[in-house]
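Understanding the architecture of this molecule
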Amino acid sequence: MIINTGQRTDIVQYFTPWLLKRFEEGYVLSRNPMFPNRVNRYDLTPDKVDAVVFCSKNYEPILEDLHRITDRFNTYFFYTITAYGEDVEPGVPSIDESIEILKRLTAQVGRRRVVWRYDPILVTEKYTIERHMETFSYMAKELSPYVDRCCFSFVQYYDKVPFNMPEIIPLKDEDKLRIAEGLGRIAKDNGLRIQSCMCTLDLSGYGIEKSACMTLDAIGKANGVEFKDIKHKGMRKGCSCIETRDIGWYDTCLNRCKYCYANTNPKKAFDNHRLHDVDSPLLMGHLNEGDEVIQGNQESFILKRPKTVSLDDF
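What you are looking at is a predicted structure, and each value in this text was computed from that prediction instead of being measured.

**A short note on the pattern of salt bridges**
Counted under the stated rule, the structure contains 23 salt bridges. Between Asp87 and Lys126 there is a salt bridge, with its nearest N and O atoms 3.2 Å apart. One end of the pair, Asp87, is in the loop between β5 (75-80) and α3 (95-109); the other, Lys126, is in the loop between β6 (114-121) and α4 (129-143), with 39 residues separating them in the sequence. Overall, Lys126 belongs to the partly exposed group, its relative accessible area being 44%. Of the charged contacts in the structure, one is a salt bridge between Arg149 and Asp148, with a shortest N-O distance of 3.3 Å. For Arg149, a relative accessible area of 3% corresponds to the buried category. The class for Asp148 is buried, based on a relative accessible area of 19%.

**Digging into the packing of α3 against α4**
It is the contact of α3 with α4, at a shortest axis distance of 11 Å, that shows an interaxial angle of 25°. In terms of orientation, α3 lies roughly parallel with respect to α4. Considering only the axes of α3 and α4, their crossing is right-handed. Along its contact with α3, which presents Ile95, Asp96, Ile99, Leu102 and Lys103, the element α4 presents Thr135, Tyr138, Met139, Glu142 and Leu143.

**Points about the side chain of Thr75**
Note that Thr75 resides in strand β5. Assessed through its relative accessible area of 0%, Thr75 is described here as buried. Only 2.7 Å separates the side chain of Thr75 from the side chain of Arg113, close enough to count as a polar contact. In this structure Thr75 touches Val52, Phe54, Ile69, Thr70, Arg113 and Asn223, once residues within four positions along its chain are discounted.

**Focus: the sheet that holds strand β8 (residues 194-196)**
Paired through their backbone hydrogen bonds, the strands of a sheet run either parallel or antiparallel. Spatially, eight strands are ordered β9-β8-β7-β6-β5-β4-β1-β10 in an open sheet, and the strand pairing comes out parallel. Edge strands, defined here as strands with exactly one partner in the open sheet, are β9 (209-210) and β10 (245-246). Summarising the sheet, β6 and strand β7 (residues 149-154) pair through five bridges and their orientation is parallel. Of the residues in β7, the one forming a bridge with Ile121 is Phe154. Here helix α7 (residues 216-223) sits on the sheet and contacts β1 (2-4), β4 (51-56), β5 and β7; the angle it forms with β5, its principal contact strand, is near 110°.

**A closer look at the packing of α4 against helix α6 (residues 173-189)**
One way to put it is that α4 packs onto α6 with a least axis distance of 10 Å and a crossing angle of 20°. With respect to α6, the element α4 is oriented roughly parallel. The handedness of the crossing between α4 and α6 comes out as right-handed. Packed against α4, whose contacting residues are Ile129, Glu130, Met133, Phe136, Ser137 and Ala140, the element α6 presents Asp175, Arg178, Ile179, Gly182, Leu183, Ile186 and Ala187 at the interface. Of the residues contributing to the contact of α4 with α6, the split by class is eight nonpolar, two polar and three charged.

Conventions adopted
Residues numbered from 1 in each chain as written. Predicted model: local features only at pLDDT ≥ 70, side-chain atom pairs only at ≥ 80, totals over all residues. Heavy atoms only, no water. Salt bridge = Lys/Arg side-chain N within 4 Å of Asp/Glu carboxyl O. Helix = DSSP H or I, 4+ residues; strand = E, 2+ residues; numbered from the N terminus. Buried < 20%, exposed > 50% of the residue type's maximum accessible area, 1.4 Å probe, protein only. Axes fitted to C-alpha atoms, helices over the stretch in contact; angles between N-to-C directions. Parallel < 35°, antiparallel > 145°, perpendicular 65-115°, else oblique. Left-handed = near helix turned anticlockwise from the far one by under 90°. Contact = heavy atoms within 4.5 Å. Polar contact = N/O pair within 3.5 Å; in protein donor to acceptor, adjacent residues only side chain to side chain. Pairing = 2+ DSSP bridges. Nonpolar A, V, L, I, M, F, W, Y, C, P; charged D, E, K, R; others polar.

See below:
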């Protein structure tokens, strides 16, 4: 079983003390988004967790104490750095600050465990295709020696995205192909592997791989672990990433990204943040009367090798 710390919110940036305490105490509780009164309990011990996956836009808060997790668990890191400024991502460090933090992360965990996410790609009158190419070129040159690969995606037009960011200019297929050609060319020039995420277009002609961002093969190679060859449903429709158990909660990220998929609105996130208790096993609030706590499925994906027979066995 793989624990995910960054799909529903940016735990690393805003809840690092809580996360470290959960690993120290050896368990965590996570509400089911579809059935909030159903709470899953997961043991956070090396014998129960195959790997811990991180996804954040700012690893600064955890760098000093990260070894408390990496010393005990297999780990994998997605670092999202985009072309946008504070007008789109108010709570996110600048591009140059993010680049330096990523370099420090890689120095601790090694480049094979770090993936740069350049997503979502969206276009406005300010963030034009040309600006994306210019910014991506600068970032690729800086980051290519420090990451295993780059994953990108085009913005998904969920209902709240155009409502929260009406300035987005919808991308046509020809726009996406133009962007893909530029990203592929720049990646090649910098010796950087690049792949698309959640894209139905064939971009292989531009040197862009079509693969899941998070696979057992990638996590295994990064950590020297062999996983089973298993079939899975993916994280959501159109996604083929290995299934994980997320311990975060929606409407809690304070980055206030205008294109955010996980927050309904920034005010709700700030209101919810007041319910956070670093001593609670839940990210938000505490157990309520009527909550049902269930031991979550923690079946291992790691390949169990047969026992080696030695002369001592006879």
